[in-house]
Amino acid sequence: MSDAVADAPGGPEAAEAAGAPGTEPQAEAEAQVQADAEAGDAKEASPTAGLPLRPALEAVLMVVDEPVTAAHLAKVLDRRPREITDALRELSDEYTVQGRGFDLRHVAGGWRFYTRAAYAPAVEGFVLDGQQSRLTQAALETLAVVAYRQPVSRSRVSAVRGVNCDGVMRTLLQRGLIEEAGTEDGTGAILYRTTNYFLERMGLRGLDELPELAPFLPDAAAVEGESQEGVPSFDVDDDT
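Residues numbered from 1 in each chain as written. Predicted model: local features only at pLDDT ≥ 70, side-chain atom pairs only at ≥ 80, totals over all residues. Heavy atoms only, no water.

Asker: Talk me through the overall build of the protein; I want residue IDs and the actual numbers.
Answerer: When helices and strands are tallied, the protein shows 11 helices and five strands. Taking all contacts inside the protein whose residues are at least 6 apart in sequence as the whole, residues at least 24 apart take part in 55%. Accessible surface for the protein amounts to roughly 15400 Å². Of this, 54% is attributable to carbon and sulfur atoms. (Helix = DSSP H or I, 4+ residues; strand = E, 2+ residues; numbered from the N terminus. Contact = heavy atoms within 4.5 Å. Areas by Shrake-Rupley, 256 points an atom, 1.4 Å probe, with all protein chains shown as cover.)

As structure tokens, this is what we get:
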């Protein structure tokens, strides 16, 4: 009789099963649902991950207004930095081989599109079109002194050029080609250096790519006596 009860559908085994419902399959199902949800959220959070890389890079670079780093592009496009760098170099080489009117260059620590030098006359004709936006000879000379002597004070720049450069220095500051770089020990004079915008406009990766012109400039010791900030300066409305 006891065996019959034990084997019956309502016996001890059934009672034990009823008392311990199958929680393990249910937990696995819930975990799978959560994993799927997280994967879906990740996919929604990164809509750029599935885009073709090279066209995506071209689209982004078309709208940048200053060189952008490979690391920044990698973050935006959800790719590895190395993958971004390789693709940028491939695009640059491809544009050169095809003889495109634009070029992709690594300048001032980042990447940006530039017009190719061979087509400069066409670009100048369109951009200038009767306007004169180039720096004056005085401004170019002053900028060269800053570039090769930086960080350098206004009085030192004036001593090298032989004329007062206050007005020209203001022009270069306004155009973003130079910036303040602290003060000079002892005199407290404000020092100036070139900016990343200067590198960008000159098409340089860094200051080490400047042409070897420094030997043609006067030695700093030769103008030491004439470069004290205590010498009164005067304002110049126009470039000198």
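Next comes the rest of the account.
Asker: Please give an account of the pairing of strand β1 (residues 102-107) that cites residues and values.
Answerer: Note: β1 against strand β2 (residues 110-115), six bridges, orientation antiparallel. Residue pairing in the sheet places R105 in a bridge with R112 of β2. What sits between β1 and β2 in their antiparallel hairpin is a turn of two residues, with A108 showing a positive phi close to 55°. (Pairing = 2+ DSSP bridges.)

Asker: Quick rundown of helix α9 (residues 154-161)? Include the residues and the values.
Answerer: Most of α9 sits out of view: six of its eight residues are buried. Listed in full, the buried residues belonging to α9 are S155, R156, V157, S158, A159 and V160. Residues of α9 that are buried sit in contact with α8 (137-149), β3 (152-153) and α10 (166-174). Just past α9, the residue G162 takes up positive phi, approximately 85°. (Buried < 20%, exposed > 50% of the residue type's maximum accessible area, 1.4 Å probe, protein only.)

Asker: Describe the environment of G206, naming the residues involved and giving the relevant values.
Answerer: Looking at where G206 falls in the secondary structure, it is placed in the segment after α11 (196-202). Judged by relative accessible area, G206 falls into the buried class, the value being 11%. Considered as a pair, G206 and G109 are 97 residues apart in the sequence and their alpha carbons are 8.0 Å apart.

Asker: Any chance you could break down the sheet that holds β3 for me, citing the residues and the numbers?
Answerer: Taken in spatial order, the three strands make up an open sheet running β3-β5-β4, and their pairing is antiparallel. The sheet is open, and its two edges are formed by β3 and β4 (178-183), each paired on a single side. Of the pairings in the sheet, the one linking β4 to strand β5 (residues 190-194) comprises four bridges and is antiparallel in character. Along β5, the bridge assignment pairs E180 with Y192.

Asker: Can you tell me about the packing of helix α5 (residues 70-77) against helix α6 (residues 81-98), naming the residues and giving the values?
Answerer: Interhelical geometry of α5 versus α6 gives an angle of 110° and a closest axis separation of 8 Å. Overall, the two elements α5 and α6 adopt an arrangement that is roughly perpendicular. In this structure, α5 meets α6 at a crossing whose hand is right-handed. Of the residues in α6, those in contact with A70, L73, A74 and L77 of α5 are P81, I84, T85 and L88. Classifying every residue of the contact of α5 with α6 by side-chain character gives seven nonpolar, one polar and no charged. (Axes fitted to C-alpha atoms, helices over the stretch in contact; angles between N-to-C directions. Parallel < 35°, antiparallel > 145°, perpendicular 65-115°, else oblique. Left-handed = near helix turned anticlockwise from the far one by under 90°. Nonpolar A, V, L, I, M, F, W, Y, C, P; charged D, E, K, R; others polar.)

Asker: An account of the pattern of salt bridges is needed here, citing residue identities and associated values.
Answerer: One pass over the full model with this rule turns up 12 salt bridges. Here R105 makes a salt bridge to D103, at a shortest N to O gap of 3.4 Å. Here D103 falls in the buried class, since its relative accessible area comes to 13%. The partner of E141 in a salt bridge is R161, with the nearest N and O atoms 3.2 Å apart. (Salt bridge = Lys/Arg side-chain N within 4 Å of Asp/Glu carboxyl O.)

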